[in-house]
There are 2 protein chains.
Amino acid sequence: MVPFTERTPRVVAARRLTRRAERDKTGRFLAEGANAVGAALARDPGGVHELFVTERAAQAHPDLVAGAREAGVRVSPITHRAAAGLSETVTPQGIVAVCSLLDRPLDGLLDHTARLVAVLAGVADPGNAGTVIRVADAAGADAVILAGDSVDPHNGKCVRASAGSVFHLPLVRERDTLATLAACRAAGLRLLAADGYAETELGAVDAAVPTAWVFGNEAHGLPPGALAEVDLPVRIPLYGAAESLNLATAAAVCLYTSAMAARRPAG
Amino acid sequence: MVPFTERTPRVVAARRLTRRAERDKTGRFLAEGANAVGAALARDPGGVHELFVTERAAQAHPDLVAGAREAGVRVSPITHRAAAGLSETVTPQGIVAVCSLLDRPLDGLLDHTARLVAVLAGVADPGNAGTVIRVADAAGADAVILAGDSVDPHNGKCVRASAGSVFHLPLVRERDTLATLAACRAAGLRLLAADGYAETELGAVDAAVPTAWVFGNEAHGLPPGALAEVDLPVRIPLYGAAESLNLATAAAVCLYTSAMAARRPAG
């Protein structure tokens, strides 16, 4: 079969999915790389509409391609240049799946079994969002909610940074940050905001309590309205001369402090 | 004063410092951005040989420029294009200092007052190295040692990712990883290696003990010879479906677990 080029209509249509408006219109996005494609197929092959692979990627990942075919996914060979056009990263992986959007509504997401939720309120950088989704997944979070004008988690750089984790746990996009916080509170979660100016230090918090951690924009932090709605702003202690942590490492410290405390034997 | 262009000999010489060999030959490196320049001046103005600034950056950071002049640092105006040539990042900051290399020898670095050290053994990505240096600084580490064939911490992307932290705590470059581990042990530090395949989980470790945390290459982990030399390989628990954490978030979890445990009241 002759590989599709960057001018083949199905490749042209897929390339449009690098734009958020087109993703929202079609309900589809691109998952690039063997990690992401494997996670997409493992989650739900019915959510994978087509798999584009270069000859080289097909040789590198024969199990993935065979698994996709067995699951009834259309597998289409593409040229290297076509693959580059579908890539939002510097080094195209040569394997890209067209998938159904992953996010679900906030309504009905959380109940009283929830123990750990990450809320990103206005996070702008897709790489940061993806890394936090990966950390939240690793920490066993019940969901990640991208609130306010946070970046779309279906952005290619976010999918890549998440290393498959966008497929592992429930994701929500919710414009209304206060509604997000209210839903977390209604599910019985304590609301903690990571805030470099907070009085309370992380070590002073009972981290074993079921918690929604709220993280703000990389440059501007949390919107004041949201900060007023949380139960407690919490500061990660800075023992050296650094003025702050970056978003992903701060989220790692907060989410793991909660996850490990919840599993520590009482006493 | 007419701004220097990318052809002005001093700018040409500075541009060569984007190469490691030239940095090692001259003993100098480039610190780009207001954060880094501010930290360089705060640490030791004598280690800052020249400050290049565009007109726009000079207007944005008048205190920095004035502070440099007062400290006797030569301040040289440059064009935007010259600034771009000195930048190793996508968005040139327009303010770049030529500084003395920061690393010091391993010999004599550590004594029995050391409580927390981060060892990067073969870490390849400068952004990762810089982020770990920032986290180690925030966690109050006594030093960061870049061992084996780790990236040069004076690399522009590393300096940028460290957000000034390369100037805040002692840095060592040491080719001999085993000598590095021996020096940590001689200083009374327990050696823990972050290792996804370890039996022992992080939560099972007494984190309050003075510790050198050893982190390996992003793709290949620790060299086997180094893994055999540590006291204990330790695994960060993965509670969800993620297969791993990335280096920077893993380091954040390990270093902060130690830093916070060491400061927790006994009981």
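Residues numbered from 1 in each chain as written. Chains lettered and ligands numbered in written order. Predicted model: local features only at pLDDT ≥ 70, side-chain atom pairs only at ≥ 80, totals over all residues. Heavy atoms only, no water.

- For chain A, an unreviewed UniProt entry supplies the name TrmH family RNA methyltransferase and the organism Amycolatopsis endophytica.
- Recorded in UniProt under Sequence similarities (unreviewed entry), the annotation for chain A is "Belongs to the class IV-like SAM-binding methyltransferase superfamily. RNA methyltransferase TrmH family." (UniProt positions renumbered as here; feature names shortened; annotations may be inferred.)

## Digging into the pairing of strand β5 (residues 116-121) of chain A
Residue and element names in this part refer to chain A.
Item 1. Counting buried positions over the 6 residues of β5 gives 6, a clear majority of the element.
Item 2. Alternating positions in β5 separate into two faces, L116, A118 and L120 on one and V117, V119 and A121 on the other, with burial throughout.
Item 3. Bridge count between β5 and strand β10 (residues 211-215): 5 bridges; the pairing is parallel. Within β10, the residue paired with V117 across the bridge is A212. (Buried < 20%, exposed > 50% of the residue type's maximum accessible area, 1.4 Å probe, protein only. Helix = DSSP H or I, 4+ residues; strand = E, 2+ residues; numbered from the N terminus. Pairing = 2+ DSSP bridges.)

## Description of the relation of the copies chain B and chain A
Item 1. Least-squares fitting of chain B to chain A yields an RMSD of 0.0 Å, with the transformation described by 0.0 Å of translation along the axis and a rotation of 180°. On this basis, the relationship between the two copies can be described by a two-fold rotation axis.
Item 2. In this assembly the copies share their binding face: 100% of the residues contributing to the interface of chain B also contribute to that of chain A. (Least-squares fit on C-alpha atoms with pLDDT ≥ 70 in both. Contact = heavy atoms within 4.5 Å.)

## Here we look at the interface of chain B and chain A
Item 1. Facing the 29 residues of chain B at the interface are 29 residues of chain A.
Item 2. At the boundary of chain B with chain A, total buried surface from both sides reaches about 2400 Å², with 68% on carbon and sulfur atoms.
Item 3. Among the residues chain B hides against chain A, the three largest losses belong to R134(B), Y239(B) and M260(B). Together they make up 26% of the total.
Item 4. Applying the counting rule to chain B against chain A returns 0 salt bridges.
Item 5. Counting every contact that joins chain B to chain A gives 16 residue pairs in polar contact (both at pLDDT 80 or more).
Item 6. Broken down by secondary-structure element, the contributors of at least two residues to the side of chain B that touches chain A are α7 (126-138) and α11 (247-263) of chain B.
Item 7. Its residues placed into classes, the side of chain B that touches chain A shows 17 nonpolar, 9 polar and 3 charged. (Buried area = accessible area lost by both parts, 1.4 Å probe. Salt bridge = Lys/Arg side-chain N within 4 Å of Asp/Glu carboxyl O. Polar contact = N/O pair within 3.5 Å; in protein donor to acceptor, adjacent residues only side chain to side chain. Nonpolar A, V, L, I, M, F, W, Y, C, P; charged D, E, K, R; others polar.)

## Some details on empty space enclosed by the protein
Item 1. Here the structure, examined in full by the defined rule, presents 2 cavities of 30 Å³ or more.
Item 2. Roughly 60 Å³ of internal volume is contained in the largest cavity.
Item 3. Taken together, L30(B), A31(B), E32(B), L86(B), S87(B), E88(B), G156(B), V159(B) and R160(B) make up the full set of residues lining the largest cavity.
Item 4. Looking at the lining of the largest cavity, the elements that each hand over two or more residues are β1 (28-32) and α8 (156-162) of chain B.
Item 5. Of the residues belonging to the lining of the largest cavity, the class tally is 4 nonpolar, 2 polar and 3 charged.
Item 6. Of the pockets and cavities examined, the second largest cavity occupies roughly 40 Å³.
Item 7. Lining the second largest cavity, in full, are L30(A), E32(A), L86(A), S87(A), E88(A) and G156(A).
Item 8. Among the residues making up the lining of the second largest cavity, the classes are represented as 2 nonpolar, 2 polar and 2 charged. (1 Å grid on protein atoms, 1.4 Å probe; cavity = no way out; pocket = protein on both sides within 12 Å on 5 of 7 lines; lining within 4 Å. Points joined across faces, edges and corners; volume = space filled by probe spheres on them.)

## Topic: the UniProt feature "domain: RNA 2-O ribose methyltransferase substrate binding" (unreviewed entry) in chain A
Item 1. Taking the numbering used here, the UniProt-annotated feature "domain: RNA 2-O ribose methyltransferase substrate binding" (unreviewed entry) corresponds to residues 30-105 of chain A.
Item 2. Helix makes up 42% of residues 30-105 of chain A and strand 25%, whereas the separation of the span's terminal C-alpha atoms amounts to 21 Å.

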